[in-house]
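Now for the letters of each chain:
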Amino acid sequence: MPRPPQSPQSPQSLHRSGFVARGAASFSLAVVIAAAAGCAGPDKRDTPPPAAPAPAPSRTSPVPPAPQVLEAPGAFAEVVARAGERLLQDARGVLGAGPRDLVIDPLVDASSGQQTAGTTLIGQQLATLLQSRAPQWKLQPLSRAALARKPLLLIGTLTPVHTGDGRAPSADAFRVCLVLIDLASGKLVAKRVDRATVATVNAEPTPFYRDSPTWALDKTTLAYIKSCQGSSPGDAIAPDYLARLPAQALIREAQVALAENRTPEALRLFSEAGPLAARDDLRVLNGLYLASWRSGKRKEAAEAFGRIVGVGLEARRLPIKLLFAPGSTRLIASADLRAQYAMWLREIALQAGVRETCMRIVGHTSRTGSAAGNDALSKRRAGAVREGLESLDKALVGRLDAIGVGSRETIVDLGTDDARDALDRRVEFRTVDCA
């Protein structure tokens, strides 16, 4: 069974998670069941990447980047400094020393698509490094005005990985992937990959992702990750990523406004971002939900959550977060979260009932505890969710079943049993054919 966190935390501080749906044919409404408390995305194995092909010689790329060999994992801050220095060295060899604007698009955790304390620290450290090592490149905030000037763009990912032969029970390192893009050409200029030890990385989601009712690797987030992890110097950047950059600028402004308790402004900015973003962009829908809920606009919050569920039913995958007390099937006792959970379950039951959906509810746990104990706990939690939905709509009786898979399908796989790997203690809803 999952063990309690090592330090006391509030229920809201534990509301963090992420999920990648498995199988193209299954809709997943993932429910994180936390104790009260490379860059290759789903591929957790980490081996040195093949050397990137050198760009064709030209007056804009006089010094091809040297092949990269991954070093042993090191302390997080040292690894970021090393990768950043080498990225700038490679980029200067291609771009020269001319003045340019440079924007950082906040880095993400590639296993969940969330921003974390670790990805935030990378951005802050690189901003300081740029100011001291590349003063000719003027750092600008991510905004539509800055993007219109076709600046250099720095992106990156942080991913928990296995560095050995795959027999280690949990991820034993984090892969740092950094990329510099020239928006004037739409091509990747330089790329660096390095690895940090697990003990030195803070993988807790930032407050926006911690409190959001859902998380997922939607098309926009996957395009961002591909632009970092699936590209080499000289490659064109994924069109889906470039097309959504104006929306990303607005979303970033909205997230900052929400973090600073400027809730009405955040609600306005998330609303403005909607037409520019992909229809399934969960950052927009989560933002509308959070800003509405915090403003006391319960009807608008319910409508935003309904859109989240609708997108999931159409896309056949969507995570929803619920928190359980340690080792039990009892939801945690925060009044605010109880109110939110009640509304979430009502909306899920309503839409599943209207659409006459049949679903299999699959419970998961982290690796802590015995395999048999984890299997039993995961099945009990899945069963509790099924019973809750059936009590809201009797028409769902007979259309839902519940199973448990224990810890055989972890996603973060850190084995910390706290907010960092909360998504490994989840329940998923998968559509199945009705009998």
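This structure is a prediction, so every number in the text was calculated from the model and none was measured.

**A few points about the overall build of the protein**
When helices and strands are counted, the protein shows 12 helices and 11 strands. By residue count, 57% of the 435 residues in the protein fall in the buried class. Carbon and sulfur atoms provide 55% of the accessible area of the protein, an area that totals close to 17,400 Å².

**Here's the deal with the state of the cysteines**
Inspection of every chain in the model, using the stated rule, returns 1 disulfide. Sulfur-sulfur distance for the disulfide between Cys358 and Cys434 comes to 1.9 Å. Classification of the bridge connecting Cys358 and Cys434 rests on its S-S torsion, roughly 110 degrees, and on that basis the disulfide is right-handed. Residue Cys358 is located in the loop between helix H11 (335-354) and strand S9 (359-363), and its partner Cys434 is located in the segment after strand S11 (426-431); the two are separated by 76 residues in the primary sequence. For Cys434, a relative accessible area of 42% translates into the label partly exposed.

**Structural notes on the packing of aromatic side chains**
Under the defined criterion, the tally for this structure stands at 8 aromatic pairs. For the ring pair Phe208 and Tyr209, a centre distance of 5.2 Å and an interplane angle of 80 degrees mean the geometry is edge-to-face. Considered together, Phe208 and Tyr209 belong to a single accessibility category, that of buried residues. Seen from their ring centres, Tyr341 and Trp344 are 5.2 Å apart, and the 55 degrees between their planes marks the pair as tilted. Here Tyr341 and its partner Trp344 are both found in helix H11, 3 residues apart, which amounts to about one turn of the helix. Given the relative accessible area of 2%, Tyr341 is considered buried.

**Some details on the nonpolar core**
It is characteristic of soluble globular proteins that their nonpolar side chains tend to be buried jointly. Within the largest apolar cluster, 61 residues are counted, with the highest numbers of intra-cluster contacts made by Ile122, Trp137 and Tyr241. If one sorts the elements of this core by residue count, helix H1 (residues 76-95) sits on top with 8 residues. Not counting residues up to four positions away in its chain, the partners in contact with Trp137 are Leu88, Ala91, Arg92, Leu95, Gly96, Gly98, Pro99, Arg100, Leu102, Leu130, Leu152 and Leu180.

**Considering the packing of helix H8 (residues 263-273) against helix H9 (residues 282-294)**
For the pair H8 and H9, interaxial distance at closest approach is 9 Å and the crossing angle is 155 degrees. The pairing of H8 with H9 is recorded here as roughly antiparallel in orientation. In terms of crossing hand, the pair formed by H8 and H9 is left-handed. Residue-level inspection shows Thr263, Leu267, Phe270, Ser271 and Ala273 of H8 in contact with H9, the latter providing Arg283, Val284, Gly287, Leu288, Ala291, Ser292 and Arg294. Classifying every residue of the contact of H8 with H9 gives 6 nonpolar, 4 polar and 2 charged.

**Re unusual backbone geometry**
The phi dihedral of Lys150 falls on the positive side, at around 55 degrees, and the residue is not glycine. Tracing the backbone shows Lys150 in the loop between helix H3 (144-148) and strand S5 (152-161).

**Re the environment of Thr120**
With respect to the secondary-structure elements, Thr120 resides in helix H2 (residues 117-133). A relative accessible area of 31% means that Thr120 is categorised as partly exposed. When the C-alpha positions of Thr120 and Ala203 are compared, they lie 10.0 Å apart, and in sequence the two are 83 residues distant. A polar contact is formed between the side chain of Thr120 and the backbone oxygen of Thr116, at a distance of 2.9 Å.

**Side note on the layout of surface pockets**
In this structure, the largest pocket encloses a volume near 690 Å³. Looking at the largest pocket, it is lined by 25 residues, and the ones nearest its centre are Pro106, Gln115, Thr120, Arg252 and Val256. A per-element tally of the lining of the largest pocket places helix H7 (residues 245-259) first, with 6 residues. For the lining of the largest pocket, the residue count by class is 13 nonpolar, 9 polar and 3 charged.

So, how was this worked out
The residue numbers shown here count from 1 along each chain, following its written sequence. The predicted origin of the model limits local features to residues at a pLDDT of at least 70 and limits the giving and counting of side-chain atom pairs to 80 or more, whereas totals for whole chains, interfaces and linings rest on all residues. To obtain the side-chain values, all non-hydrogen atoms of the structure were included, while hydrogens and water were left out. Elements are defined by DSSP. Helices are runs of H or I of four residues or more, strands are runs of E of two residues or more, and each kind is numbered from the N terminus. Burial classes follow relative accessibility: with a 1.4 Å probe on protein chains only, a residue under 20% of its type's maximum area counts as buried, one over 50% as exposed, and anything between as partly exposed. Surface accessibility follows the Shrake-Rupley procedure with a 1.4 Å probe radius. Residue values consider only the protein chains on display as shielding. Working definition: a disulfide is two cysteine sulfur atoms within 2.5 Å of each other. Any two rings among Phe, Tyr and Trp, with Trp reduced to its six-membered ring, count as a pair given centres within 6.5 Å; such a pair is stacked if its planes are under 30 degrees apart, edge-to-face if over 60, and tilted if neither. Grouping buried Ala, Val, Leu, Ile, Met, Phe, Trp, Tyr and Cys residues that are joined through side-chain atoms within 4.5 Å yields what is termed a nonpolar core. Whether two residues touch is decided by their heavy atoms; if any such pair falls within 4.5 Å, the residues are in contact. Angles here are taken between N-to-C directions and fall from 0 to 180 degrees, while the axes themselves are lines fitted to C-alpha atoms, restricted in helices to the stretch in contact. The labels follow the angle: roughly parallel below 35 degrees, roughly antiparallel above 145, roughly perpendicular from 65 to 115, and oblique for the rest. Crossings are assigned a handedness: left-handed for a near helix turned anticlockwise from the far helix by less than a right angle, right-handed for a clockwise turn. In this classification, Asp, Glu, Lys and Arg are treated as charged, Ala, Val, Leu, Ile, Met, Phe, Trp, Tyr, Cys and Pro as nonpolar, and every other residue, Gly included, as polar. In the analysis that follows, any N or O atom pair within 3.5 Å is treated as a polar contact, provided that within protein one partner can donate a hydrogen and the other can accept it, and provided that, for residues neighboring in sequence, both atoms belong to side chains. Only protein atoms enter the calculation, which uses a 1 Å grid: trapped sets of points that fit a 1.4 Å probe without letting it out are cavities, open sets showing protein on both sides within 12 Å along at least five of seven lines are pockets, and any residue with an atom within 4 Å of a point is a lining residue. Grid points are joined across faces, edges and corners, and a volume is the space filled by probe spheres set on the points.

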